[in-house]
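# Structural description and commentary
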Amino acid sequence: MTLVLEQVLNGLQLGVMLFLLAAGLTLVFGVMGVINLAHGSLYMVGAYAAAIVAAKTGSAVLSVLAGLGAAAVIGMIVELGVLRRLYARDHLDQVLATFALILIFNETTTLLFGRKPLFVSVPKMLEGSVELMPGFTYPIYRLAVIGVGLLVAVGLYVLINRTRIGMLVRAGATHRQMVRALGVDIRMIFTLVFGLGALLAGLAGLMAGPILSVQVGMGEQILILTFVVVVIGGIGSVRGALLGALIVGLVDTLLRAFLPGLLRQVMQGPDADALAAGVSSMGVYLLMALVLLVRPRGLFPAHA
Amino acid sequence: MTDAVSLPAPAMRKGAAVGWLAVAVLLAVFPTIADALGQPALVPLVGRILIYGMAAATLNLVLGYGGLVSFGHAAYFGLGGYVAGVMALSARNGDLAFGLFPGTDQLLVALAVAAVMGAVLAAVIGSLSLRTSGVQFIMITLAFAQMVYFLFLSLKAYGGDDGLPMRRRLGIGALDMRDDRVLYFVALTGAVIVFLVIWRITVSRFGRVLSGLRQNEARMQAIGIAPRRYRLVAFILAGAGASMAGVLMANQLRFVSPDMLHWTKSGELMIMVILGGVGTLAGPFLGAAALVGLETVLGAFTERWQLLLGPILLAVVLYTHGGIAGLVTKLVKGRAP
C-alpha cells in the first residue's frame, strides 16, 4: 500500500514537471501559433544556470534566481532574434529553425561545461524525509516540487483568466488584428508570453537538477514526453496541459514500477522484465494513440 | 469528377532529361574517377550520400509534395536497418527473425521484407496521425517514432542499446559485397530507382492530387477527393521506401543501432530535404550530399561540427527559399537569355 502511495507521489512529481514545460509550450503555441522544439533547451538552461550558481555560491536562493533569470532572459533573446521571424512562416520552417537552435544550445553547452553530468545536491532546508503516514516516509524535496507545480498551476489560472494582461493574452490568441487595432503592442505581449514560458521551463529545469542528472540532451528527452502531454491535453489549452501532464506522469511512473511485477506472475523472470521494460517505455505513447482514436483534438481542445 | 485532376501523359523536358542522364553517367563512372584521383575512400562516402538521399527523397514525398510535416521518418529508416541486421542474424542462428519469419542472407529478400514491414508500420502510425493535422501531426509522428526507438532499445536479444553488428553483409547472388564498388553500385541502382519512382509518382494523377491537397484541401474536397486516403497512401509509400533505404544503410555499415531510429535522425533527414529544396526531385539528394559533406569536412576540423551546422541551418531557413535546388534553378535560369 505504501509502495503504491509512494509511486503515486513520484508520478505526481513527474506530472507537475511535465506540466511546467507543457504549459509554456502550449501557451506559446496557443498565442503565437508557433511550435518551439527549443523549449527543452530552455529547461536545460535553467538546470545548468541553477546547478552552476549553486556550486559556486552554495546559496539555494541565488541558484533559483539564476535558473529562472537565465531561462527567461535567454528565452526572450531567442524570441526577439529568431522566433519573431517565424510567426508568419509555416510549421516546417519553425521546426527546422528551432531544431537548429537545439543544436546550437546543446553544442554550446557541451563546449562550455563538457559532457559530464553535473551533480546538484538538494537545498539544505529541503533535505531529509517526512513521515506522511506511520511507516511511510517521503523526501521533502519531492513534496516541495509537487507543491510548487500545483501553486504555479493556480497562479497561471489566475493570471490568464483574472488579470488584464491575461485578458490581452487570450485576446491576442483569438483576435490578433483587433487587439493591435486597439493600440496594444502585441509584439511586446508575444515576447512576454514567450518569456513566461521560458521561465516555467527554467523552473522545471532547476527543480529537476537534484532529482535527475543535469546534462546535455536532458531537454529533448523530456520535450518529447511534453509533446505527448500537449497532444493528450489538447493543444493550446493550459487546463488540458495540467490534466495531460498528471495523467502521463502517473501512467509512466506506475507502469515502470508495477508492470515487471505483474508480468512476472504470468511469465519467466527475464522475459517478463524485458517485455515490461518495452511496454512501460511505450505506455504513454500507446495512451496517446488511444486518446487520439477517441478524441483526435485532445481531451480539452482550445477554441473548440 | 475525378478527371478534373487527370493530366496528359507526363514527359520530362528534353533539357532536364539530358541533364539527369549526365548526372547518372557521372555517378556511374565516379568510382573510376575516385580511383584515378587516388581517393578510393570517397566511394563509400558517396554511397552513403546516395542512401541518405533515398531516405530523404521518400520523406520529401510526404513533406514536400504532400505538405505533411512528418517528424518521425527515422522510425521506418531504422526499422529497415533492423530488418537487415535481424534477418542476417537469424540466418546464421537458424531461428525466426522477430519470431515471425526465417532469416536470409539475400539482400533482395531483406529489401522486400523491409518494404512490407515499413509499409505496415507507416499504415499504423499514419492512420492514427492523419486524424490530426498541423502542429499536432508533427508532435504525434515524433512521439510514435520515439516509441519505436524505445521498443528496439528494450530488445536485448537484438543488442538493445549497443546495437547489432552484422558479421557478413547480405548479398545478391554471386556479387562480392566486400567490394566497396559493388556496394556503391547497389546504392546507385537503388537511388536511381527511387528517383524514377518518385518522379513517376509526382507526375501521376495521384501525385497531382497529393500536391493539390497541400495547396488547397477545401477545393480538392469540393471536387470529390477524400484527403485522408491519398495522404495515407503517400505516407505508406514513403515508409516502405525509407525502410528499404535503411536496409541498404545497415548493409553498408554492417551495423544497426537504435541511433538509426533516434529522433535526431528524423531531424537530419528533414534537414536534408530542406537544405536541398522542399518538393523538388533532386533536392533530397543534394541535401544529403550537403549534410554528409558538411559533416565530413567540418568534422575533420572539429568534433563540435554541429555547432556550425546550427547557424548554417538557421540561415538557410530564415533567409533562403528553395534550398540548394532553388539556388541551382536560379543560377541556370539566370544564365539563360
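Report on the accompanying structure. Per-chain numbering applies: the sequence of each chain, read as written, is numbered from 1 onward. Here every chain gets a letter starting at A, and every ligand a number starting at 1, in the order they are written. It should be noted that, the model being predicted, local features are given only for residues of pLDDT at least 70 and side-chain atom pairs only at 80 or more, the latter also being counted only at that level, while totals for whole chains, interfaces and linings use all residues. Calculation of side-chain values draws on the structure's entire complement of heavy atoms; hydrogens and water are dropped beforehand.

So, about the overall build of chain B. Think of it this way: any DSSP run of H or I at least four residues long counts as a helix, any run of E at least two long counts as a strand, and we number them from the N terminus. Looking only at helices and strands, chain B has 13 helices and 4 strands in total. Radius of gyration means the value over C-alpha atoms here, while the globule rule gives 2.2 Å times the residue count to the 0.38 power. In terms of overall size, chain B behaves like a compact globule, its C-alpha atoms giving a radius of gyration of 20 Å where 337 residues would be expected to give roughly 20 Å. When its C-alpha atoms are laid out on the principal axes, chain B stretches across 55 × 50 × 40 Å. Counting across all 337 residues of chain B, residues that qualify as buried make up 53%. The contact definition used throughout considers only heavy atoms, calling two residues in contact when any of these lie within 4.5 Å. Put simply, 75% of the contacts in chain B that link residues at least 6 apart link residues at least 24 apart. Per-residue accessibility takes into account occlusion by the displayed protein chains alone, with areas from the Shrake-Rupley method and a 1.4 Å probe. For chain B, the accessible surface area stands at approximately 14,900 Å², while carbon and sulfur atoms represent 65% of it. Positive charges are assigned to Lys and Arg, negative charges to Asp and Glu, while His and the chain termini are left out of the count. In this description, the location of a charge corresponds to atom NZ of lysine, CZ of arginine, CG of aspartate or CD of glutamate. Positive and negative charge centroids in chain B, built from 25 and 14 side chains respectively, lie 13 Å apart. For each residue, the accessible area found with a 1.4 Å probe, counting protein chains only, is set against the maximum for its type, and the residue is called buried under 20%, exposed over 50%, and partly exposed in between.

Turning our attention to the pattern of salt bridges. A pairing counts as a salt bridge when a side-chain nitrogen of Lys or Arg comes within 4 Å of a carboxyl oxygen of Asp or Glu. Counting across every chain of the model gives 7 salt bridges over all chains. Put simply, Glu79(A) and Arg84(A) hold a salt bridge, and the shortest N to O gap is 3.7 Å. Owing to a relative accessible area of 21%, Arg84(A) belongs among the partly exposed residues under this scheme. Arg231(B) is the partner of Glu217(B) in a salt bridge, and the nearest nitrogen-oxygen pair spans 3.2 Å. Of this pair, Glu217(B) sits in helix H8 (residues 217–222) while Arg231(B) sits in helix H9 (residues 227–253), placing them 14 residues apart in sequence. Residue classification places Glu217(B) among the partly exposed residues on the basis of a relative accessible area of 32%. With a relative accessible area of 12%, Arg231(B) lands in the buried category.

Residues and elements named next belong to chain B. Every definition here rests on a 1 Å grid over the protein atoms only: cavities are sets of points where a 1.4 Å probe fits but cannot get out, pockets are open sets enclosed by protein on both sides within 12 Å along at least five of seven lines, and lining residues have some atom within 4 Å of a point. Grid points are joined across faces, edges and corners, and a volume is the space filled by probe spheres set on the points. Scanning all chains against the criterion turns up 2 cavities of 30 Å³ or more. Its volume calculated, the largest cavity comes out at about 50 Å³. If you trace the largest cavity, you find it lined by Ile51, Leu107, Met177, Leu183, Val186, Ala187, Leu248, Asn251 and Gln252. Elements with a minimum of two residues in the lining of the largest cavity: helix H6 (180–202) and H9. The residue makeup of the lining of the largest cavity, split by class, is 7 nonpolar, 2 polar and no charged. Roughly 30 Å³ of volume is contained in the second largest cavity. Contributing to the lining of the second largest cavity are Ala57, Asn60, Tyr65, Ile198, Thr280, Leu281 and Pro284. The element that contributes the greatest number of residues to the lining of the second largest cavity is helix H2 (residues 42–65), accounting for 3 residues. Residues are sorted three ways: Asp, Glu, Lys and Arg are charged, Ala, Val, Leu, Ile, Met, Phe, Trp, Tyr, Cys and Pro are nonpolar, and all the rest, Gly among them, are polar.

If you look at the interface, chain B gives 39 residues, while chain A gives 46 residues. Taken over both partners, the interface formed by chain B and chain A buries close to 3,900 Å², and the fraction arising from carbon and sulfur atoms is 81%. Our enumeration of links across chain B and chain A arrives at 0 salt bridges. Polar contacts here mean pairs of N or O atoms no more than 3.5 Å apart (in protein, one a potential hydrogen donor and the other a potential acceptor; neighbouring residues in sequence count only if both atoms are side-chain atoms). Here chain B is connected to chain A by 4 residue pairs in polar contact (both at pLDDT 80 or more). Breaking the side of chain B that touches chain A down by element, the ones donating at least two residues are helix H5 (134–154), helix H10 (263–276) and helix H12 (306–319) of chain B. In terms of residues, the side of chain B that touches chain A owes the most to one element, H5(B), which gives 14 residues. Residues that form the side of chain B that touches chain A fall into these classes: 27 nonpolar, 10 polar and 2 charged. Once two parts are joined, some of their accessible surface, as seen by a 1.4 Å probe, is lost; buried area is that loss totalled over both.

Keep in mind these numbers describe shape, not what the thing actually does.
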